[in-house]
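# Structure assessment
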Amino acid sequence: MSEVVSGPATLVVAASTGQRELPSWRLLLRRPAFLLGVAILLFWIVCALLGNAIAPHNPLAQQLLLTNKPPSGAHWFGTDQIGRDVLSRVIVGARTILIVAALATILGTVLGTALGLAMGYLGGLLDVLTSRLVEAVLALPAVIVIFLFIVAIGSSATTQVIVIGFIFTPLIARTVRSAVLVESQLDYLSSARLLGERSGRVMFAEILPNVAPTILVEFTVRLGYAIFTVATLAFLGFGVNAATPNWGADIYANYGVIGAGYWWETLFPALAIASLIVAIGLVADSIEQVLAG
Amino acid sequence: MTETDTAAAPGAPDVPEAAVSVEHMDVAYAVRGQDRLALRDVSFQIGRNESYGLVGESGSGKSTVALALTRYLPRNGRVSSGSISINGQDPLRMDAAALRRMRARTVSMVYQEPGKALNPAMRVGRQVAEVYEIAGASRDEEMSRTEAMLAKVQISDPRRVMDRYPHQLSGGMAQRVVIAMAIAAEPSLLILDEPTTALDATVEAEVLDLVAGLRAELSTSVLFISHNLAVITKMCDRVGVLYAGELVEEGPARQVFDEPRHPYTVGLLRCIPRAGQRKDHGRLDTIPGFLPPPGQVMQGCIFAPRCAIAEDRCHQAEPPAFPTGPDRSSRCYRHDVAADLPRSTPVDISLPVARNEDADPVVRLQGVSKTFAGRDEQVQALVGVDLELQRGETLGLVGESGSGKTTLARVLLGLIPPDQGALVELDGKPLGPLVRQRSREQLKELQIVFQNPDSALNRRHTIRQLITRPLVKLAGLSGKALQERLADLVRSVRMEDRHLALRPSQLSGGLKQRVAIARAFGGGPRIVVCDEPTSALDVSVQAAILNLLVDLQAKEQVTYLFISHDLGLVRYLSDRIAVLYLGRLMEVGPAERVFAGPHHPYTEALLSAVPRLDGEHPERIKLAGEIPSAASPPSGCVFHTRCPRRLSSGICESTEPPLAEVEPGHQMRCHIPIDQLTAMQQIGPVP
């Protein structure tokens, strides 16, 4: 007879899939956490895109008569030690960090996905060797490694993107590889092999769409880390360009004067970093939960 | 605590007649804020010591009944109206403590997957002993009673089993342990939810015998849930047939299945090949249409849209339960003519052309072995298999799980390479061991329909992509020819164009399997492996898929290697049968010869383990013990450790018999001379 699976768990599923399932993105839109995260993220993206156009003051203009002024009607976030408007610097500072972090994460995801698919699907010696390599990289603290590379080859937006991207590659590859191994148990891959499909097509047309949700979650998580890393590098003095406003660098420049009561000069850039990371975290969690059902 | 004890004790003055009484119960699941009814107006009673069967297809609400009785409904489910009484008590009104007492003492449950019902981190003995611990026994008493209980469920070496962890037990053994736990508290109601569905036929037969024996001994009421009508007939006094959350027919099990009075029951029974029914006797009947989605509000009889004898009143008002005999009822206005339900599928079939026995085989396997290297052991999944497949025939491949059926199929397809020295020939030309060493022409000839379409279809591809791909890749079609062939193929698996834009998750199980069949036939293969193609499907869907396979075979002249553990299906579909045990062919022969006997003692045991719908239960050939490990197979004849007809001369233990021809086209691997075997099997089973 047929083996009808009818444990209690499947029953609930059966009961809940009676009507056509809503697509995942509609389920996402029903989550307040996701909407809040997206709203914050959109805010910073608008800041990054428009920058100087929406900043109330020139973020570079020094007003030596107006140093260390607390938040007021004219300067909502106050001014810093050399009289620059903190709000304008926070708004304009979004651009560098978002661009560098996003590009680095995209680079790491693309390379990591390709590597993970190859390791998981092709297996064999390639998998053994790269797995060891990945473990070796994972054993090192990422920020220190990135720091060393940047010291060695100099700090620019490009080097930051490349270095962070390369450090993320093995992390993402490992996640993709384990997702591919789960897929490898399924018969549709045997079915594809019986059609004589080439490995490349099996990896990218058959497996990739099925592991894409995992990759999306991994991407958002990594994006949060990338922002944190870029900010940390700037704080440590490896900003992209000293002339452009930079949250991490601003914190570094001003945290010495917190003791003197000038808290706003550090707090607002710090809040900016925190809000961005929290927003990405909310988005990542929501996606993960929706995909997990 | 004491007051419930007295109230629950049997023999107390206010104890009602029935052990379980369910009156007009509705159960609703809240899905996204909306209540969907999973059970509608369900009423039934289970008498003391009675075994009551609930039968129905997936989604009919069988398990929901069990969950509602024990108040184990998931958080989104609730009994929205009606009442339940277990020993005169209403679980719906119990507080947490009373509910816990009820679950601990009055009601026990056995689920489908024994592996999931046991705590993997706890030794078996400890888990069973917990039941006694809760009952307040001392440590020594716990252990001795556990040992006695495991002995009671026919575990031969309870002391050793108690020291093991669940993963060290076979499925049958684990289910025995679960049953031991369930009966340890001497419950007055035992709920068995598909207890043998995950087990092999021989193990299933043993577990069913065990449950039947325990019932007689313990005098407990049983609620037995199964999709398998034959199992229900064997195990139950009365049966209720569930359809889409409604109890459509009820009555004594034998009567209901012998003379069904509801068109759904009639249809369901016709979907199953009866003993001895073969594909050349005509198509199986099917039930048209689909199960309504859960919670759909319908006017009139819930089965009316699929019913061939529905009248106007059926579509207007819901029929009440009509009494159709002593202790029987049917929710059908036309219960008196239900048995004459017209067929929905014509009987006529286009039979495959007569096979030419002397023709060269399409596929020849010679000396095919497959050894999987483990960490410190060699598992011999296949040992020296020789097999030939003729054009247009169906070879049924049977055997318990672990016998090597699927390995053989995968070797034939080139998904795993056989050991050195094996020969796999197509049209007399050797095939490469792996798909990548085979030409496109060769790939085209050999395809497979997998067991589970959810796994076999890429869930991110549309049905159009899925069916088109083999047409492009193997048949080399493009443009107009491609579109024509696609339309043709979609029609021949009886799907519609509107399905093409959907993804697998939007289709029912039966439709998904049709997509998988269309994919397998896309390239125009000559040999199709069917690996349990209907075992994930419901009975009514299974019949339609089997009909489709038979039709396609007649039309395309394909050869099937049909793998199944369901001997009824194999008998219906196969021209020849091959029986595998521990990777070795034990018997190969024409289907009717193999079924009629004389047969190999292992085949004999397999056949006698199958529960029969007609309720006749010939004396069963009991197999001793479990299937041995393929890593250390027994000496001599690998079956000797379990063989009820083992020869006393000792030759079975020392020498492996050859696969010898006992009559034209019928081979057997057994030391017992065929005449002697025939005589033995006419007398009956070994006492």
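Scoring rules and cut-offs
Residues numbered from 1 in each chain as written. Chains lettered and ligands numbered in written order. Predicted model: local features only at pLDDT ≥ 70, side-chain atom pairs only at ≥ 80, totals over all residues. Helix = DSSP H or I, 4+ residues; strand = E, 2+ residues; numbered from the N terminus. Rg over C-alpha atoms; globule rule 2.2 N^0.38 Å. Buried ≥ 20, exposed ≤ 12 C-beta atoms within 10 Å, placed from the backbone. Contact = placed C-beta atoms within 7 Å. Pairing = 2+ DSSP bridges. Axes fitted to C-alpha atoms, helices over the stretch in contact; angles between N-to-C directions. Expected span 1.5 Å × (residues − 1). Arc of directions from axis to C-beta. Nonpolar A, V, L, I, M, F, W, Y, C, P; charged D, E, K, R; others polar. Parallel < 35°, antiparallel > 145°, perpendicular 65-115°, else oblique. Left-handed = near helix turned anticlockwise from the far one by under 90°. Domains from an automatic or database assignment.

### What about the overall build of chain B?
Within chain B, the secondary structure is distributed over 25 helices and 23 strands. Taking 26 Å as the expected radius of gyration for a compact globule of 687 residues, we find that chain B reaches 27 Å, a close match to that expectation. Dimensions of chain B, computed from C-alpha atoms along their principal axes, come out at roughly 80 × 65 × 45 Å. Buried positions account for 51% of the 687 residues belonging to chain B. In chain B, 67% of the contacts between residues at least 6 apart in sequence involve partners at least 24 apart.

### Comments concerning the sheet that holds strand E3 (residues 51-55) of chain B
All names here are of chain B. One open sheet holds the eight strands; their spatial order is E5-E6-E7-E3-E8-E9-E11-E10, and the pairing between them is mixed. At either margin of the open sheet sits one strand with a lone partner, and together these are strand E5 (107-110) and strand E10 (322-325). Taken over all neighbouring pairs, the strand axes of this sheet differ in orientation by 25 degrees on average, direction set aside. In this sheet, strand E9 (residues 246-252) lies alongside strand E8 (residues 238-243) in antiparallel orientation, the contact comprising six bridges. When the sheet's bridge partners are listed, Tyr-243 is paired in E9 with Glu-246.

### Concerning the sheet that holds strand E15 (residues 423-426) of chain B
Two modes of strand pairing occur in sheets, parallel and antiparallel, and in both the strands are linked by backbone hydrogen bonds. All names here are of chain B. Across the sheet, which stays open at both edges, the four strands sit in the order E13-E12-E15-E16 with antiparallel pairing between neighbours. The sheet terminates laterally at strand E13 (378-389) and strand E16 (429-430), the two strands that pair on one side only. The pairing of strand E12 (residues 363-373) with E15 spans four bridges and is classified as antiparallel. Counted as the bridge partner of Arg-364 is Glu-425 from E15.

### Some words on helix H3 (residues 32-50) of chain A
Residues and elements named next belong to chain A. Here H3 contains 19 residues, and its C-alpha end-to-end distance of 27 Å stays within 8% of the 27 Å for a straight helix at 1.5 Å per residue. Taken together, the buried positions of H3 are Phe-34, Gly-37 and Trp-44. In a view along the axis of H3, the buried residues occupy a sector of 105 degrees, so they form one face of it. Across H3 from its buried face, at more than 90 degrees, point the exposed residues Pro-32, Ala-39, Leu-42 and Leu-49. Check the buried side of H3 and you find it contacts helix H2 (24-29), helix H4 (86-122) and helix H11 (264-292).

### A few points about the environment of Met-149 of chain B
Residue and element names in this part refer to chain B. Its location among the elements puts Met-149 in helix H6 (residues 139-152). C-beta crowding within 10 Å serves as the criterion here: with 21 such atoms nearby, Met-149 is assigned to the buried category. For the pair formed by Met-149 and Ala-184, sequence separation is 35 residues and the distance between their alpha carbons is 6.8 Å. Once residues lying within four places of it in the same chain are set aside, the contact partners of Met-149 are Val-128, Ala-180 and Ala-184.

### Some thoughts on the interface of chain B and chain A
Contact with chain B, which involves 51 residues of that partner, is made by 27 residues of chain A. Elements with a minimum of two residues in the side of chain B that touches chain A: strand E1 (18-31), strand E2 (34-47), helix H2 (62-69), helix H15 (440-445), strand E17 (446-449), helix H16 (453-456), helix H17 (463-473) and helix H20 (539-556) of chain B. For the side of chain B that touches chain A, the element with the highest residue contribution is H2 of chain B, accounting for four residues. Residue composition of the side of chain B that touches chain A, by class: 22 nonpolar, 16 polar and 13 charged.

### Some points on the packing of helix H5 (residues 124-134) of chain B against helix H8 (residues 171-184) of chain B
Axis angle and axis distance: for two packed helices, these are the angle between their axes and the distance between the axes, and together they describe the pair. Residue and element names in this part refer to chain B. Running from N to C, H5 and H8 point in directions that differ by 15 degrees, and their axes come no closer than 8 Å. Taken together, the axes of H5 and H8 lie roughly parallel to each other. Once H5 is placed against H8, the crossing between them reads as right-handed. Contact residues: Val-124, Gln-127, Val-128, Val-131 and Tyr-132 in H5; Val-177, Ala-180, Met-181 and Ala-184 in H8. Split by residue class, the contact of H5 with H8 holds eight nonpolar, one polar and no charged.

### Some words on the domain arrangement of chain B
Residues and elements named next belong to chain B. In terms of domain boundaries, chain B breaks down into domain 1 (2-256), domain 2 (259-340), domain 3 (363-581) and domain 4 (597-666 + 673-683). Relative to domain 3, the C-alpha centre of domain 1 lies at a distance of 38 Å. Listed per partner, the contact involves six residues of domain 1 and six residues of domain 3. Across the side of domain 1 that touches domain 3, the residue classes break down as one nonpolar, three polar and two charged.

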